[in-house]
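Here is what each chain is made of, one letter per residue.
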Amino acid sequence: ETHRGSDASAPWSSSNVDEKTAFELYFPPFKSAIEAGVAAAMCAYNKVDGEWASANEKLLKGYLKEKMGFRGFVMSDWGATHQTSIDQGLDMNQHMQDDVDPVFTPADASEDGLNDAATRILASMYHMDTFHNTICTPPECEGPFSRSVRSNEHTALSREAVTESVVLLKNAGQVLPLDSSIRTIAVIGPAAMADAYDTNAPGHQWNWGDYYSGGGSGHLFAGYVVKALEGITMRAQQAGVRVLVVSQDDPQGLAAATEADVTFVVAGATSGETIDRSHLDLEGEANALISQVVQVAKKTVVLMQVCGSVLTPWRDQVDGIAVMFLGGPETGNAWGSVIFGDHA
């Protein structure tokens, strides 16, 4: 266990990486955000090269602010600081409680450090024009934060993004996209009709995700989700292709797989904040289901909605594999577009 939390006495992990690898592999997304004008950056709970991320001068001042030219301010994650580290490059401390943080005392920082931190925070506020664009005053912000801002343009962009993200891993015999000879398909599997996980629902954990988005303090339920079966079925109807319905007597869908020209098994893997995944298998006994399907189906394609790496012990048995990494509310429509060739 890496004990990613707020216990300072726990044996925290340290992410160690050499400078060449960091700049070639890990830093490019951050560099792109800086070039796009991002106003703030948050450092992690853990250590980087043996130093707490929130007090790592080489990382915050040397790499981020100097080499990558970041002009915004750096804030800590909530309760992540272990010392006053303004002079090391941390500009804003986010304490876990409402009282004063005993380990972070601005009076211990140098005047130059304080001036630089204040300048960066104010510059970012002017850059974002928060003085005129603020829509509420905390804590009176529940209304604006909960208001739906979805629009047709947002939905279209969401669908475009997730459709572009689909990666084709195997396509034996050019099973995808489906051609005009395919008249009947089956869509089965534990993720085909999975619900979105609403962290605000009674009894739900704040830090758990689903097959559409990652879990954690930033997890948001979009209010709707097009599930794989729904999106594929809608597109199949347009093409005049019949989608076999799985009966209650055959919950795994093996009977439908026997009859269909192509069977799509939809499976996934989820993750949550503060905890490690206990295994790298697809969830819901999907591996066993896939092995059963290939024994009876004419052609089998596995569609994966996953949070990261997964094991695919059945990869040599199936005809096609496509993967989507947590595609959001337009997941099902994206699958339909790829399967029927609307998008390459």
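Look up: the structure comes first, before these words.
Throughout what follows, the structure given in this document is the object of discussion. Keep in mind the model is a prediction, meaning the values are calculated, not measured.

### Some words on the sheet that holds strand β7 (residues 184-188)
Here is step 1: Taken in spatial order, the six strands line up as β6-β11-β10-β9-β7-β8 in an open sheet, and their pairing is mixed. The open sheet has two edge strands with one neighbour each: β6 (167-171) and β8 (242-244). Between one strand axis and the next, the sheet turns through 20 degrees on average, direction left out of account.
Here is step 2: Pairing geometry for β7 and strand β9 (residues 262-268), over four bridges, is parallel. Considered in β9, the bridge of Ala186 is made with Thr263.
Here is step 3: Contacting β7, β8, β9 and β10 (300-305), helix α8 (residues 228-239) crosses the sheet at an angle of about 170 degrees to β7.

### A look at the pairing of β9
Here is step 1: With respect to burial, β9 is a largely interior element, seven of its seven residues being buried.
Here is step 2: Residues of β9 alternate between two faces, with Val262, Phe264, Val266 and Gly268 on one and Thr263, Val265 and Ala267 on the opposite face, all of them buried.
Here is step 3: Where β9 lies against β10, six bridges are found, and the strand directions are parallel. Along β10, the bridge assignment pairs Val266 with Leu303.
Here is step 4: One crossover worth recording links β9 to the parallel β10 by way of helix α10 (residues 286-296), and it is right-handed.

### As for the layout of surface pockets
Here is step 1: The space that makes up the largest pocket amounts to roughly 840 Å³.
Here is step 2: Around the largest pocket, the lining is made up of 28 residues, and of these Phe145, His219, Leu220, Phe221 and Ala222 lie nearest the centre.
Here is step 3: When residues of the lining of the largest pocket are traced back to their parent elements, those giving at least two are α6 (142-146) and α7 (152-165).
Here is step 4: Per-element accounting of the lining of the largest pocket gives the leading share, three residues, to α7.
Here is step 5: The volume enclosed by the second largest pocket comes to roughly 590 Å³.
Here is step 6: What lines the second largest pocket is a set of 26 residues, among which Phe27, Phe30, Val48, Ala53 and Leu59 lie closest to the centre.
Here is step 7: Sort the elements by how many residues they give to the lining of the second largest pocket and helix α3 (residues 57-67) lands first, with five residues.
Here is step 8: A breakdown of the residues in the lining of the second largest pocket according to their chemical character gives 17 nonpolar, four polar and five charged.

### Regarding the pattern of salt bridges
Here is step 1: Under the definition given, this model contains nine salt bridges.
Here is step 2: The shortest N-O distance in the salt bridge between Lys67 and Glu19 comes to 2.7 Å. Taken together, the positions of Lys67 in helix α3 and Glu19 in helix α1 (residues 19-26) put the pair 48 residues apart, joining distant regions of the chain.
Here is step 3: Glu19 sits in the partly exposed class, given a relative accessible area of 34%.
Here is step 4: With a closest N to O distance of 2.8 Å, Lys31 and Glu35 form a salt bridge. With Lys31 and Glu35 both in helix α2 (residues 28-35), this residue pair falls four residues apart, about one helical turn.
Here is step 5: Residue class for Lys31 comes out partly exposed when judged on its relative accessible area of 29%.

### Considering the packing of aromatic side chains
Here is step 1: In this structure the tally under the stated criterion is four aromatic pairs.
Here is step 2: Taking 5.3 Å as the distance between ring centres and 80 degrees as the angle between the ring planes, the aromatic pair formed by Phe23 and Tyr63 counts as edge-to-face. Pair noted here: Phe23 is in helix α1 and Tyr63 is in helix α3, with a separation of 40 residues, a long-range link.
Here is step 3: Clustering of aromatic rings is evident, with ring pairs tying together Phe23, Phe27 and Tyr63.
Here is step 4: Directly above the aromatic system of Trp52 lies the positively charged group of Lys47, at a separation of 4.8 Å from the ring centroid.

### Focus: the sheet that holds strand β4 (residues 51-52)
Here is step 1: The sheet built from three strands is open, its strands ordered β1-β3-β4 with mixed pairing. Sheet topology places β1 (14-15) and β4 at the edges, where each strand pairs with a single neighbour.
Here is step 2: Two elements, strand β3 (residues 47-48) and β4, share two bridges in a ladder whose sense is antiparallel. Bridge assignment links Val48 to a residue of β4, and that residue is Glu51.

### Here we look at the state of the cysteines
Here is step 1: The tally for this structure, following the rule as stated, stands at one disulfide.
Here is step 2: Between the sulfur atoms of Cys136 and its disulfide mate Cys141 the distance is 2.1 Å. Between Cys136 and Cys141, the disulfide has an S-S torsion of 105 degrees and is therefore right-handed.

### Remarks on helix α11 (residues 331-339)
Here is step 1: Most of α11 is tucked away, with nine of its nine residues classed as buried.
Here is step 2: The set of residues buried in α11 consists of Thr331, Gly332, Asn333, Ala334, Trp335, Gly336, Ser337, Val338 and Ile339.
Here is step 3: The inward-facing, buried residues of α11 abut α7, α8, β9, β10 and β11 (320-324).
Here is step 4: In the segment just after α11, Gly341 is the residue with positive phi, at about 80 degrees.

### A closer look at the nonpolar core
Here is step 1: In terms of nonpolar packing, the biggest core is built from 31 residues, with Leu178, Ile185, Phe264, Leu303, Trp335 and Ile339 touching the most fellow members.
Here is step 2: Those elements that provide at least two residues to this core are β7, α8, β9, β10, β11 and α11.
Here is step 3: Ranked by residue count, the leading element in this core is α11, at four residues.
Here is step 4: Those residues in contact with Ile185 that lie beyond four places of it in its chain are Leu178, Ile232, Ala236, Val241, Arg242, Val243, Leu244, Ala260, Val262, Phe264 and Phe340.
Here is step 5: In terms of nonpolar packing, the next biggest core, distinct from the first, is built from 20 residues, Ala269, Val302, Met304 and Val318 among them.

Analysis parameters
Residues numbered from 1 in each chain as written. Predicted model: local features only at pLDDT ≥ 70, side-chain atom pairs only at ≥ 80, totals over all residues. Heavy atoms only, no water. Pairing = 2+ DSSP bridges. Helix = DSSP H or I, 4+ residues; strand = E, 2+ residues; numbered from the N terminus. Axes fitted to C-alpha atoms, helices over the stretch in contact; angles between N-to-C directions. Contact = heavy atoms within 4.5 Å. Buried < 20%, exposed > 50% of the residue type's maximum accessible area, 1.4 Å probe, protein only. Right-handed = clockwise from strand over helix to strand, strands pointing away. 1 Å grid on protein atoms, 1.4 Å probe; cavity = no way out; pocket = protein on both sides within 12 Å on 5 of 7 lines; lining within 4 Å. Points joined across faces, edges and corners; volume = space filled by probe spheres on them. Nonpolar A, V, L, I, M, F, W, Y, C, P; charged D, E, K, R; others polar. Salt bridge = Lys/Arg side-chain N within 4 Å of Asp/Glu carboxyl O. Phe/Tyr/Trp six-rings, centres within 6.5 Å; stacked < 30°, edge-to-face > 60°. Lys NZ or Arg CZ within 6 Å of the ring centre and 35° of its normal. Disulfide = S-S within 2.5 Å. Core = buried A, V, L, I, M, F, W, Y, C linked by side-chain atoms within 4.5 Å.

Read these as geometric descriptors, not functional statements.
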